[in-house]
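The residues making up each chain are set out below.
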4 protein chains.
Amino acid sequence: MSIQGMSTQSISTQREANMIAAGDLVLLITLDSKEFLVTVKPEQVLHTHRGRFQHDSLVGQTFGATVNSELGHPALMLAPSLPDLMRHIRRGTQVIYAKDAAYLVHRLGLHAGSTVIEAGTGSGALTMALAWAVAPTGRVYTYEVRSDTFELARKNLARVGLLQHVDMHCASIDEGFAQTGVDALFLDVREPWRYLAQVHAALRPGGQFACLLPTTNQVTDLLRSLDQSPFAGVAVEELLLRRYKPVPDRLRPEDEMIGHTGYLLFARAISSSIDTQQWLSRDRKRYRARQRAAVAIKAEEKRRAQEIADGGPKYPRLPLPG
Amino acid sequence: MSIQGMSTQSISTQREANMIAAGDLVLLITLDSKEFLVTVKPEQVLHTHRGRFQHDSLVGQTFGATVNSELGHPALMLAPSLPDLMRHIRRGTQVIYAKDAAYLVHRLGLHAGSTVIEAGTGSGALTMALAWAVAPTGRVYTYEVRSDTFELARKNLARVGLLQHVDMHCASIDEGFAQTGVDALFLDVREPWRYLAQVHAALRPGGQFACLLPTTNQVTDLLRSLDQSPFAGVAVEELLLRRYKPVPDRLRPEDEMIGHTGYLLFARAISSSIDTQQWLSRDRKRYRARQRAAVAIKAEEKRRAQEIADGGPKYPRLPLPG
Amino acid sequence: MSIQGMSTQSISTQREANMIAAGDLVLLITLDSKEFLVTVKPEQVLHTHRGRFQHDSLVGQTFGATVNSELGHPALMLAPSLPDLMRHIRRGTQVIYAKDAAYLVHRLGLHAGSTVIEAGTGSGALTMALAWAVAPTGRVYTYEVRSDTFELARKNLARVGLLQHVDMHCASIDEGFAQTGVDALFLDVREPWRYLAQVHAALRPGGQFACLLPTTNQVTDLLRSLDQSPFAGVAVEELLLRRYKPVPDRLRPEDEMIGHTGYLLFARAISSSIDTQQWLSRDRKRYRARQRAAVAIKAEEKRRAQEIADGGPKYPRLPLPG
Amino acid sequence: MSIQGMSTQSISTQREANMIAAGDLVLLITLDSKEFLVTVKPEQVLHTHRGRFQHDSLVGQTFGATVNSELGHPALMLAPSLPDLMRHIRRGTQVIYAKDAAYLVHRLGLHAGSTVIEAGTGSGALTMALAWAVAPTGRVYTYEVRSDTFELARKNLARVGLLQHVDMHCASIDEGFAQTGVDALFLDVREPWRYLAQVHAALRPGGQFACLLPTTNQVTDLLRSLDQSPFAGVAVEELLLRRYKPVPDRLRPEDEMIGHTGYLLFARAISSSIDTQQWLSRDRKRYRARQRAAVAIKAEEKRRAQEIADGGPKYPRLPLPG
């Protein structure tokens, strides 16, 4: 089995020709935009609403051309790319969106040779994007506690030829990760703040940490824990994707869009010996300063009130804090 | 010169230790969040608003730790990642945003070993992201017609150790591209519709084509040309990034955000022998059908009016289309 | 029939008590958030999935309390407000969204006593918002060319007691409007640029003009026509509404949102004797200046090329524009 | 002093002519889009960067025409509308944005004759929008605890002729509001959850309550309190406004946009005798059900574990909840 330009042996082995062979992954698209992802196998048949396609009839054809079903309906044959693979995953859980997967890979700085930990694996959609980015010399270490979800992800990864770049663990992360010194680590779990020590132990110094969080409450809880942990460069971001109808004379956004997938949080592991309070974000420091000033003002007001009650001077001895 | 985990010789050569050496790129961050990207060179000095940092004082330190300036101010030392490199580029032109670069790399399906053409190069920010994605075995071919911009991009790429993965052309793309069979091609030019034949000639069948277009008029013009060209799977999308203030007790989006960078258009090259009118998007086909129905209705109305004027029957002979 | 605090006689007649009477509009909401808008009539019955509600059982009750169906299921009784009325309209066409209706009323500057023209009427949802804003002393003049849509709107407006503030015209606007000197005018038609002369003739000098336009092509066409017409202060804006799930411990945006309703365009009628080219927007003027510079540069390049071809001097006589 | 069509005596007194008179508010706009809001007074002078404008030179002119400064520069004369007035307010505090003011007025269902409470007054921008909506027969009751802000708002409202529709209170709302039975109530205070009893006491049954909240934490806190209070129909919403450059050949959104103003929360006061837990939103009920199921599952797991430890049967006696 092989993706074009990314054989199951090595990502660097380029295919010489653009010709479809047994074992290839092929994306078939019919005229009504229905898509089918198939691994070409001798004597197998793909059944569709437009008729049957003999796998053997694809062999020897070129990508980018069309093939007809037994009923005479054409289908376009394309070499599937990462977004195609992710779109055709078998889903057991909420699947990550392309916009978020793309941005995570970018912000985690992944490239061929990187090492990255992921938990939980879910259906394996993000695992695909991570494997795609670090192959052929890097490695993805992924953790999933539910065995049925783990099996689903394993099958999904095997089907698209990316399993070889992934170490899969069917295990809880309560006890931490088996790896250390990894370049990046991504958590998609309900209570990520419980694992910051484990995360820090697994990352190389300066390594990137990222989370996907559906609710604002989770963001708040994680930010609170990060305040007390050796991480810097904390950022919270969110992406919105707007699709347009590709009609030249009536260009306009689609009527509906995805309103929310999750908040993305990023932070960098720093040396544990550093006073992390110094390395808070500017907004965070400003807020802490305001809070301290508020406390000082309250105390001064109380002191003055007492002073007046005691018949003392009505004006403050000390200048108010900033 | 080397990026951590991505030496200038080969991206796959992992650094053994986490220790800073001469030739390394280091990102220094002071307590007030000011950043400095330096290539460590013996006996050189970095001058900052927090005092001077001797390059030699960094050598032998570990990434993720801090170093003090001669005035005693600490700075965090980090191994720069792709977003850091792009953020610290010297700008001569509008620079691509991280959200768009990340999504383009994802949608173009780039991985180690891919080949991709880009025009124009601009300051080289997207070129970095493309090189990062296809290194060490792939190749970026980039075209820039302005010689001053070309030089700026060359320096930017050399500085961050990614130039070795890029073939730079200081040339117009009017005559087409020197490469054929590339996996993907990205255009950031004023009138991309003028180059569709050249784009198709350079791409492998099924190869991904993408454009960044600032205005809706450009999107309309490009969609019109694509209607007549051997491309399928046309999509127009747009990303909005929203940043949040990372303050746990006062979580809220930032007051200002980038309102627009550009519309992203994607399409896939298909065999020239295919009737492309068949492979238009669903919205596009629906619109064409509506237009044809409107023309037919107009004609029927005219016929009826004439019939009535001629004293004929007042009811239509034929059912109306649509 | 009367809306609370807005009788069908006069908007200024406040109801003394909060008690439901025959003729009142009442919004009934069952425990599963289903809503029913009813006009209370003696001996009538409302049939719901939670059982039957006798209208007479509502009379004498207070708004804000609950009433039980014959099956014992409670329903909350509320005095419907403008958004409730608009949500419960009978729809024949695309209905305007609350966010757009609210912003239009605001930007048109409507208040009690204002006069405003609308075309087309559609189902009458915006007509309701306009009538609500200008009642009791103002007036809405609305035009609809399709007689079935016109009838639907008339019934919708009558049902909610707002028809008395509206003059309805079942007519095309090709021949213009019957009114002059109105404060504001709103067009929701396919080709608004065809009616700018009629719009200007109907508005008082300085009066506000607004359009809702689904596509970017329409915006472009209307902007082009406005360039040649006595209007100033042209603005194009768009509103996005994001709803959140109101769950305190899991606060997050809803998964889906409306991705597009329409672009809103605003402009102010100015005296026809004014040179409108002077009063273009800053962006528009800047663009025109750039275009003129480009033309001048092209001409100068041509002149120079000719001069050189003629054996003349190689350097320009004149400084380049811009 | 009078706004066109809304004299300081009564909003319903329409101006007969379109002619500028002493006492009128006039919006002057110069060719470079600079705006000046003036109340025309005999013998006064407006000094601008384009020269001086004698107020007397405006008298007798028509709105929508231009007038020249003493240096010969033209300025357009317009009758200011609500958005103009709000834009030209003197600011002491954060001012509400047009998009939010418009939507609040709409969702609160305000019309001529409505009564509405607001706290705090701030600079009075929203107060203007509220007064504009309820004049001439309705009333705005506004509360502001800071005396300097109170004075600023009073001047702003007086300047634009809307003060007569407003009752201003320079007072804390800790003790509640002086009014009862009002149609709507808006809070823009730091801790609105402290005032729900006071809010409920002031609103008529079914009356609309709204808040503007900058942070997600405030939304969470307010939602928690509303859970325990006699309110229904709770909704949290947010508006984003996107402006476009009005250039026909280069239509595109502006580069920068406002990323956040505040979350809008809406709820309706219902009878105190109602069991409010019944009237929670669907999402809220679903979440509560999930929480209860989770607690029951936990308890069942514990019971089973104990049972096994005690050597009892390994299978549950009872079906699991949910």
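Conventions adopted
- Residues numbered from 1 in each chain as written.
- Chains lettered and ligands numbered in written order.
- Predicted model: local features only at pLDDT ≥ 70, side-chain atom pairs only at ≥ 80, totals over all residues.
- Heavy atoms only, no water.
- Helix = DSSP H or I, 4+ residues; strand = E, 2+ residues; numbered from the N terminus.
- Buried < 20%, exposed > 50% of the residue type's maximum accessible area, 1.4 Å probe, protein only.
- Contact = heavy atoms within 4.5 Å.
- Areas by Shrake-Rupley, 256 points an atom, 1.4 Å probe, with all protein chains shown as cover.
- Lys, Arg positive; Asp, Glu negative; His and termini not counted.
- Charge placed at Lys NZ, Arg CZ, Asp CG, Glu CD.
- Salt bridge = Lys/Arg side-chain N within 4 Å of Asp/Glu carboxyl O.
- Buried area = accessible area lost by both parts, 1.4 Å probe.
- Polar contact = N/O pair within 3.5 Å; in protein donor to acceptor, adjacent residues only side chain to side chain.
- Nonpolar A, V, L, I, M, F, W, Y, C, P; charged D, E, K, R; others polar.
- Least-squares fit on C-alpha atoms with pLDDT ≥ 70 in both.
- Pairing = 2+ DSSP bridges.
- Axes fitted to C-alpha atoms, helices over the stretch in contact; angles between N-to-C directions.
- Parallel < 35°, antiparallel > 145°, perpendicular 65-115°, else oblique.
- Left-handed = near helix turned anticlockwise from the far one by under 90°.
- Domains from an automatic or database assignment.

Student: Could you clarify how one ought to interpret the overall build of chain A in this entry?
Tutor: When helices and strands are tallied, chain A shows 7 helices and 17 strands. Considered along the principal axes of its C-alpha atoms, chain A spans approximately 100 × 50 × 35 Å. Counting across all 322 residues of chain A, residues that qualify as buried make up 59%. Considering only contacts within chain A whose residues lie at least 6 apart along the sequence, 59% involve residues at least 24 apart. Accessible surface, chain A: about 13300 Å² in total, of which carbon and sulfur atoms supply 50%. Positive and negative side-chain charges in chain A, numbering 38 and 33 respectively, have mean positions lying 7 Å apart.

Student: Sorry if this is basic, but what is going on with the pattern of salt bridges here?
Tutor: The tally for this structure, following the rule as stated, stands at 84 salt bridges over all chains. Among the salt bridges present, the one from Glu151 of chain C reaches Arg154 of chain C, with a minimum N-O distance of 3.3 Å. One end of the pair, Glu151 of chain C, and the other, Arg154 of chain C, are both in helix H4 (residues 147-159), 3 residues apart, so they sit about a helical turn from each other. Between Asp249 of chain C and Arg224 of chain D there is a salt bridge whose closest N-O contact spans 2.8 Å. Placement of the pair is Asp249 of chain C in the loop between strand S14 (231-245) and strand S15 (252-253) and Arg224 of chain D in helix H6 (residues 216-227), with the two residues belonging to separate chains. Looking at Asp249 of chain C, the relative accessible area reads 30%, which means it is partly exposed. When salt bridges with common partners are traced through the structure, they connect Glu35, Asp84 and Arg87 of chain A together with Arg268 of chain B into a single cluster.

Student: Sorry, what's going on with the interface of chain D and chain C here?
Tutor: For an interface, size is often stated in terms of accessible area lost upon the parts coming together. Each partner contributes residues to the interface: chain D has 91 residues there, and chain C has 90 residues. Carbon and sulfur atoms supply 60% of the area buried between chain D and chain C, which totals about 7200 Å² over both sides. Put simply, chain D and chain C have 6 salt bridges between them. In this structure, Glu237 of chain D engages Arg243 of chain C in a salt bridge whose closest nitrogen and oxygen atoms are separated by 2.7 Å. Seen at the junction of chain D and chain C, the total is 25 residue pairs in polar contact (both at pLDDT 80 or more). Considering every element that reaches the side of chain D that touches chain C, the biggest residue donor is strand S14 (residues 231-245) of chain D, with 12 residues. Taken together, the residues of the side of chain D that touches chain C break down into 45 nonpolar, 23 polar and 23 charged.

Student: I keep staring at the relation of the copies chain A and chain B and nothing clicks. Help me out?
Tutor: There are two copies of the chain, and a rotation about an axis plus a shift along that axis relates them. Of the two same-sequence chains, chain A is brought onto chain B (RMSD 0.1 Å, axial shift 0.0 Å) by a rotation of 180°. Taken together, the turn and the small shift mark the pair as related by a two-fold rotation axis. A shared interface surface links the copies, since 100% of the contact residues of chain A are contact residues in chain B too.

Student: How should helix H3 (residues 125-134) of chain B be read in this particular structure?
Tutor: The periodicity of an α-helix, 3.6 residues per turn, causes residues three or four places apart in sequence to face the same way. Counting buried residues in H3 of chain B gives 10 out of 10 residues, a clear majority hidden from the surface. Buried within H3 of chain B we find Ala125, Leu126, Thr127, Met128, Ala129, Leu130, Ala131, Trp132, Ala133 and Val134 of chain B.

Student: Honestly, the sheet that holds strand S7 (residues 66-68) of chain D in this entry has me stumped. Any pointers?
Tutor: The pairing of strands in a sheet happens through backbone hydrogen bonds and is either parallel or antiparallel. All names here are of chain D. Spatially, 4 strands are ordered S4-S3-S8-S7 in an open sheet, and the strand pairing comes out antiparallel. The sheet terminates laterally at strand S4 (35-39) and S7, the two strands that pair on one side only. Strand after strand, the sheet turns through a mean of 35° between neighbouring axes, direction not considered.

Student: In this structure, what is going on with the packing of helix H2 (residues 98-107) of chain B against H3 of chain B? I would like to understand it.
Tutor: When two helices pack together, you describe them by how their axes are tilted relative to each other and by the distance separating the axes. Residue and element names in this part refer to chain B. Running from amino to carboxyl end, H2 crosses H3 at an angle of 40°, the nearest separation of the two axes being 10 Å. Taken together, the axis directions place H2 and H3 in an arrangement best described as oblique. In this structure, H2 crosses over H3, and the sense of that crossing is right-handed. On H3, the residues that touch Ala101, Leu104 and Val105 of H2 are Leu126, Ala129, Leu130 and Ala133. Partitioned by chemical class, the residues of the contact of H2 with H3 number 7 nonpolar, no polar and no charged.

Student: Explanation requested: the environment of Ala178 of chain B in the structure shown.
Tutor: Residue and element names in this part refer to chain B. Assignment of secondary structure puts Ala178 in the loop between strand S11 (166-169) and strand S12 (182-187). What makes Ala178 exposed here is its relative accessible area of 63%. Each C-alpha atom, one on Ala178 and one on Met257, is 40 Å from the other, the two residues being 79 residues apart in sequence. Contact partners of Ala178, with chain neighbours within four places excluded, come to Tyr143 and His169.

Student: Would you mind showing me how to read the relation of the copies chain D and chain C here?
Tutor: Once chain D has been moved 0.0 Å along the axis and rotated by 180°, it coincides with chain C to within an RMSD of 0.2 Å. Comparing interface residues between copies, 99% of those in chain D also lie at the interface in chain C; the contact surface is shared.

Student: Hey, could you run me through helix H2 (residues 98-107) of chain C in this one?
Tutor: All names here are of chain C. Of all 10 residues that make up H2, 9 are buried, and the element is covered over most of its length. Taken residue by residue, H2 has Lys99, Asp100, Ala101, Ala102, Tyr103, Leu104, Val105, His106 and Arg107 as its buried positions. After H2 finishes, the residue Gly109 shows a positive phi value of roughly 70°.

Student: Is there a simple way to explain the domain arrangement of chain A in this structure?
Tutor: Residue and element names in this part refer to chain A. We note that the domain assignment places domain 1 (12-80), domain 2 (84-279) and domain 3 (282-312) within chain A. Summarising the inter-unit geometry, the C-alpha centres of domain 1 and domain 2 are found 32 Å apart. Counting residues at the interface gives 9 residues for domain 1 and 7 residues for domain 2. Interface area for domain 1 against domain 2, summed over the two sides, is near 680 Å², with a carbon-plus-sulfur share of 60%. In this assembly, domain 1 and domain 2 are joined by 1 salt bridge. Close ionic contact of Arg87 with Glu35 constitutes a salt bridge, the shortest N to O distance being 2.9 Å. In this structure, the connection of domain 1 to domain 2 is made through 3 residue pairs in polar contact (both at pLDDT 80 or more). Taken together, the elements giving at least two residues each to the side of domain 1 that touches domain 2 come down to strand S3 (25-30) and strand S4 (35-39). With 4 residues, the top contributor of residues to the side of domain 1 that touches domain 2 is S4.

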